[in-house]
Amino acid sequence: MYFGESRELVSIEDIFENDELVVMKAIYIKNSFHISVLSVGFKDSSGDIIRIKDVVERYL
């Protein structure tokens, strides 16, 4: 998701992971707002994440 302004990554946590994908929850600060973003990272055959798709974004 595009935020337009800079944001600071506060934390990131892997919620689920297997050989094909990883589900991640990240917390960002944008201005004075805390934002939670749930994302899915897709892996290649060597296990490297090749693409990340944001699924849900919400303000905390």
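Residues numbered from 1 in each chain as written. Predicted model: local features only at pLDDT ≥ 70, side-chain atom pairs only at ≥ 80, totals over all residues. Heavy atoms only, no water.

A. Fine view of the packing of aromatic side chains. Taken as a whole, this structure holds one aromatic pair when the rule is applied. Centre to centre, the rings of F33 and Y59 are 5.7 Å apart; their planes meet at 80 degrees, and the pair counts as edge-to-face. Pair noted here: F33 is in strand β3 (residues 33-43) and Y59 is in strand β4 (residues 49-59), with a separation of 26 residues, a long-range link. Note that R7 overlies the ring of Y28, its terminal NZ or CZ placed 4.2 Å from the centroid. In this arrangement the basic side chain of R51 is found over the ring face of F42, its NZ or CZ atom lying 4.7 Å from the centre. (Phe/Tyr/Trp six-rings, centres within 6.5 Å; stacked < 30°, edge-to-face > 60°. Helix = DSSP H or I, 4+ residues; strand = E, 2+ residues; numbered from the N terminus. Lys NZ or Arg CZ within 6 Å of the ring centre and 35° of its normal.)

B. Geometry of unusual backbone geometry. In this structure, N31 takes a positive phi of about 55 degrees despite not being glycine. Structurally, N31 can be placed in the loop between β2 (21-30) and β3.

C. Looking closely at the pairing of β2. The buried fraction of β2 amounts to seven of the 10 residues, a majority that puts the element mostly inside the structure. Here β2 pairs with β3 via 10 bridges, running antiparallel. Opposite Y28, over in β3, you have I35 as the bridge partner. The antiparallel pairing of β2 with β3 creates a hairpin that spans two residues between the two strands, and N31 there sits at a positive phi of about 55 degrees. (Buried < 20%, exposed > 50% of the residue type's maximum accessible area, 1.4 Å probe, protein only. Pairing = 2+ DSSP bridges.)

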